[in-house]
Every structure is written in structure tokens, then in C-alpha cells.
Amino acid sequence: MQKGMQDIIGERSGAKDANAFWLKVILVIAVFVVLFSGVKPAAAAFYWTERTSSENTVWWSVASSTDGSKLIATVNQNGYVYRSTNFGATWTAQTSIGTRNWCASASSADGTTLAVAVGYDFTAGVASIFTSTDSGTTWTERPEAGDRYWTSLASSADGTKLAAAAQYGYLYTSTDSGATWTERQTAGNRSWIAITSSADGTKLAAANYDLNNPSYLYTSTDSGATWTERQVAGNRYWRSIASSADGTKLAAVAENSYVYTSTDSGATWTEQTASGNRYWRSIASSADGTKLAAAVDGGYIYTSKNSGATWTEQTAAGERSWTAIASSADGTRLAASGQWERIFTAYGDFTIKRDFNADGVEDTLWKYTPTGRFLLSFMDTGGNIASSKTLLTAPDWSIAGAGDFNADDIGDILWRNSATGQVVLWLMKSDGNENSARTLATSADWTIVGTGDFNGDGVSDIIWRNPASGQVVLWLMKNDGTKESSRTLFNSTEWTFAGIGDFNRDGISDILWKKTANGQIVLWFMDATGNKASAKTVYTSLDWVIAGTGDFNKDGVSDILWRKTATGQVMVWLMKNDGTKESFNTLYTSTDWTIAGTGDFNGDGVSDILWRKTANGQFLLWLMKNDGTKDSSKAVFTSIDWTFIGQN
């Protein structure tokens, strides 16, 4: 008998675990701890690297270019300024400007115009600002700024406008890359600790840290000519402040307090209690202000992808005496410094994954064909199946897609009834049970061909196709699992869906299409409105088909797996962020094996490959290295009756 929606919602099979009561108790305690602390369990959104090429010393500041590739960092207590041009992999000391008590650094968007500043130098007795217009090759001391106890620097995107903060002094601005400076007395003589700038340099925000007098935040909308005291943010021991590119979104941290955010250039502020009351030291923001990273002195680094509403504790970076943190414009690259530490860098993967328990490891979905039984298998960091549970047994239903449709970092499931075309969305809990379910549509004429985040809001969206007419429609979804809007992408029976990935590292899913007649593959780069921004032909061949997509070298750009139908040769294209091939590797050649699916099945940030042998149904998992080659392989199981439900 055909199962209806009510049969599906809540159906489960299998005997109850004898320890179910105690499991529930443990889960309740865990949820209570999470809610009390205000911080989510750490899903592996960021992958951290301790840069052993950097010295173990007293790092005091760090600044980044917009793409995160060029970094500038300073060492306090008679150290050097260091710069990196390869995302922090190697560092070069700027010996030409000597060892000093360096306290601050700033960078233009492209990393060519730099500024560094000295706090009071007890050895030389001079505290100056230095600038460079050639990525640090040469430096110029700027005595025009004065001999002061400099604490913070900020730069416009083009590097022409600089802003500097001095402890026990004033704020200073420059409009000629540091050649001349203006003392901004309207802000007052205070114990300034931090300053930040919009991309055009017109909107500034500064923080005051004074143990003996009231300490407030201050903002300017005219490049520092006039300033407004923002008492509404509170009298606190402010330590750091960050700005979005347009200057409307601000984020600030204070000692023994919370993270505070503003969406109106500092006029009003929100205390983000979910961040926790901590000894905050530094904060950084993406260009759009949605992604934040904050560091605790003697604690962890915390990240947010929703403007500070919720936070993830980055335990992989460790508890350290963090002093500063910097972010790329898209929020995917971080660099952090600490006292008597090395520099740490991180790559953030914001691609929505099939992770059903928010542990940072993609999980697997299976179907037992004879009975229509659907199984969810939780994977561990070794690439093994840690545990499995039956979702339901319903021959009339199939899994049409998966994603995160309510932005809770837990995978959700789309089901479709083959007889009626009814599509049901299960919003899942982290234990593999559905939290709620709803019917999205009922139509035998439409099928789901893909899911992804096509507007970069952190919520999965749905691509539908009418096979008869070739019409393709995109549903942009709200974070409650309902449709927000829809649009037709195109109408054509000549083109079919070929894959999804983020091929320009902007946090927005892009689409691969295939022309049936000649095998032409076209890549659509999508924008934040869910529309096509641009398109380019990737390859044209009837002999090769796309067998999967994923990030096989951990650079944040999706790569493409190709398979030659005649020979079974499988090749990976490692892609550049402009949609072109950077390099390729031949992985295997055999007509006996096919690619069943891809995913990060051990949580290391590198996509892995699941193979299936056609003759006997053996599943083999290749765990991949970050150069697009196989690291190791392991047999999963062998069965003709089970099929893997791959990404769509």
C-alpha cells in the first residue's frame, strides 16, 4: 500500500536500544551545556595550521589582504616585522626597519601598501609609524605622525587613507599613505586602544581602554574630522573593534564582557550574549560583516557566520594567549597571533555538507533496494562508519536531496513520492531523527535535480526541473524550511544538470550544465541574489562525463572529477577560482569501477571518493590528500542490494 505523508513523518524501524533512557539524559545534559554557554559544539568549519616557519615569540598584531594571501605581523619586545605572501606558509623578517616594540599593523586590500607602528620603545626612546608601498620591499619612517605610544592602525582598501590610535593621546589620520598626518582633537585625548576603517576610509570607529576613566566607543562618518561618543555601547574595557567594508556593520570586544555588534554604523549596539562573557582581546570581520572571528587572551578563538548571533569554539587552534586576529574579505581565511606562540592560519569551508550530527564529518545515506529501507550512517574521523540508523522503509519514496534548510549546521533530507510527486522536507536533529516535517510541493511533472546555497545566506536552496519542457526553476529557501522566492533559470530540453560546487570561493554555490548533443560543459557563477552572474565553457566532449565535484586540494575551490566512459579512466581537475583548470591528476583506469559519490568523510577538509564495483557491489573509500592524490583506501562493505545516495 502506498505510504502517505503521515506514514512517513516519524516512522522508524528496529528495536529500541536498552540504553535509550540514559542516552536521552546525556543528550539533555549536552544541550543544556551548549545553551548555557551560548556556543555551539565545534563543527569543523575552519582547518587550522600552526605555521612553524614563524618564530615562537611575542606576536602583537596581524593584518591581511582581502584574499588572505598576503599577511603582515609584528613582534613586540624588540622583535621584527614579518610578512608572508603565501597565506602564512613562510615568513620574511623586515630587517631593514630593525627590531623594536612593534604594536600595530595595517594592509591595503591588495597587500601592497602597508603600515606598521611602534609602541613606546624603551631602548630607542622613539615610537614611529613606518609605511611601504611595495609590499614591504622598502619602508619609509613617518616622523610627521609624531613620537607616540601607538596602539592600532587601520587602512582604506586602496591604502591611501590611514588612521592611527595612540594611547594617552589623540587619533590621527592620513590621506596620502602616511606622508602627512592630521591630529583629530575632536575625538579627545584618551587611552585609545583600537581603530578600524571602512573600505573607502570615510567611516572610522575607535575604542578607548582606560582603567581610571570612562571608556566608550567612538565613530566618525567624515574620515575622522568629527566624532560621536557611543555611550549606548556601554562603559567597558574595550580591546578591539572591526568594520564591514561599507562601515555600517561594526563588531567590538571588551575584557570580561561580551561581543557587541552594530548594524547602523554604531548608533545602536547589540550585546551578543551567545558569545559568552570572556577576556576578549581581538576581533575581525568579513567585508559584508556576516562572518566574525574573535580571540580570547588565555582561551580559544570563536567564529560566527551570522553576524554574531551564534558562535563556534575553534578548539583545533587551542587555548592560547591570543593577541590579534585578521580575516580575508570573504571570511574564509584567518590569521591569528599570540604571546610566545607561532602564527596560526585557518581556511574556512562554508560549503553546506551532508553532516547530520554537526561533527564536521560528512555522513552517508544508503538505500536497500529490495525493501526500500533508507539508512543513515554516521562517519568518524577515520573514514569509518561509526554507527547507523534506519530512517524509514518505504518503497514508494526516494531521497531527492539533502542540505541544511534551517541553518543549524545539521543536514536535512528531501523526500519524493515516485507515484504522486509529493516532496517532503525533514528538518533533522543531531541524533538522526527528524525534528519536524513539511510538504513542499506535490507534482509528478517536476523533479529535484540539485541543492546548494545559491545566494550565500547559509541556507540550502532547491533546483527543480520539468523533464518534459526542460524548464529549470530555483527555489531560494528561508531558514525555516519554507520557500522565500522562486525564479526560472532557463527553459531547454537540450541541457541537463551536471553538478554543483563553489568554483570561485565566494561562499555561493555555482552550477555545471551539460549540453546533451555535444557534451559541452558550461559553468554558471551565481551571485548573492540567486541569479547567474557570468558563465563560461569548461570543456566539450562526448567521451567524458562529470562523475563528481568536491574540494580535493583544500583551497576552498571546488574541483571536478571526470570519467571516460569507454575506458573507465578517472581524472581530477584541480580548479582555479576563475573556473579554469589549474592542474590535473589521473586517479584510476578501470571499467569495473564507478564513482558512487564524493564527500569529506573524515573531516580533514579534503573531499574523498567512494567507489563501487559493478560486478559485486563492493564499496571502496579513497581518503584523499590535499594535492588531489589518494592517501589511503578502505573497504566499506560489499552488497549488490545497497546503493549509495550521492550528492545532487
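Quick caveat: nothing in here was measured; it's all calculated off a predicted structure.

### Here we look at the pairing of strand β30 (residues 364–368)
So, step 1. Here five bridges tie β30 to strand β31 (residues 373–379), and the two strands are oriented antiparallel to one another. Looking at the pairing, W366 lines up with L375 of β31.
So, step 2. Hairpin connection between β30 and β31: a loop of four residues separates the two successive antiparallel strands, and G372 in this loop has a positive phi of roughly 80 degrees.

### Quick look at the sheet that holds strand β49 (residues 593–599)
So, step 1. Spatial ordering of the open sheet is given by β49-β50-β51-β52, a layout of four strands whose pairing is antiparallel. Edge positions in the sheet fall to β49 and β52 (630–638), since each of these pairs with one other strand and no more. Each adjacent strand pair in this sheet contributes to an overall mean axis angle of 25 degrees, direction not counted.
So, step 2. Two strands pair when backbone bridges link them, and β49 and strand β50 (residues 608–613) are joined in this way by six bridges, in the antiparallel orientation. Counted as the bridge partner of G597 is L610 from β50.

### A word on the pattern of salt bridges
So, step 1. Following the criterion strictly, the structure yields four salt bridges and no others.
So, step 2. Ionic pairing is found between R281 and D297, a salt bridge with its closest N-O pair at 3.4 Å. Residue R281 is found in strand β23 (residues 280–285), and its partner D297 is found in strand β24 (residues 292–299); the two are separated by 16 residues along the sequence. Like R281, the residue D297 is buried in the burial classification.

### Comments concerning the packing of aromatic side chains
So, step 1. Scanning the entire structure with this criterion turns up 31 aromatic pairs.
So, step 2. The interplanar angle of 55 degrees and the centroid separation of 5.8 Å between the aromatic rings of Y209 and Y237 together place this pair among those described as tilted. Of this pair, Y209 sits in the loop between β16 (204–208) and β17 (217–220) while Y237 sits in the loop between β18 (228–230) and β19 (238–243), placing them 28 residues apart in sequence.
So, step 3. The exposure class of Y237 is partly exposed, given its relative accessible area of 35%.

### Side note on unusual backbone geometry
So, step 1. Its identity as a non-glycine residue notwithstanding, S307 has a phi of 60 degrees, on the positive side.
So, step 2. In this structure, S307 sits in the loop between β25 (301–304) and β26 (311–314).
So, step 3. One non-glycine residue with positive phi stands out, namely A407, at about 55 degrees.

### Section: the confidence of the model for the chain
So, step 1. Residue-level pLDDT values for the chain average 91, and 92% of them are 70 or greater.
So, step 2. This model gives residues 1–38 a pLDDT under 50, and the stretch forms 45 contacts once residues within four places in sequence are excluded.

### A short note on the nonpolar core
So, step 1. In this structure, V116, I129, W150 and L153 are the most contacted members of the largest nonpolar core, which totals 25 residues.
So, step 2. Contributions of two or more residues to this core are made by β7 (102–107), β8 (114–118), β9 (129–132), β11 (150–155) and β12 (162–166).
So, step 3. For this core, the element with the highest residue contribution is β8, accounting for five residues.
So, step 4. What V116 contacts, discounting residues up to four positions off in sequence, is I72, T74, V81, I97, W102, A104, S105, S128, I129, F130, W139 and L153.
So, step 5. Membership of the second largest hydrophobic core comes to 19 residues, among which are A358, A394, I410 and I413.

Rules and cut-offs
- Residues numbered from 1 in each chain as written.
- Predicted model: local features only at pLDDT ≥ 70, side-chain atom pairs only at ≥ 80, totals over all residues.
- Heavy atoms only, no water.
- Pairing = 2+ DSSP bridges.
- Helix = DSSP H or I, 4+ residues; strand = E, 2+ residues; numbered from the N terminus.
- Axes fitted to C-alpha atoms, helices over the stretch in contact; angles between N-to-C directions.
- Salt bridge = Lys/Arg side-chain N within 4 Å of Asp/Glu carboxyl O.
- Buried < 20%, exposed > 50% of the residue type's maximum accessible area, 1.4 Å probe, protein only.
- Phe/Tyr/Trp six-rings, centres within 6.5 Å; stacked < 30°, edge-to-face > 60°.
- pLDDT = per-residue confidence, 0-100.
- Contact = heavy atoms within 4.5 Å.
- Core = buried A, V, L, I, M, F, W, Y, C linked by side-chain atoms within 4.5 Å.

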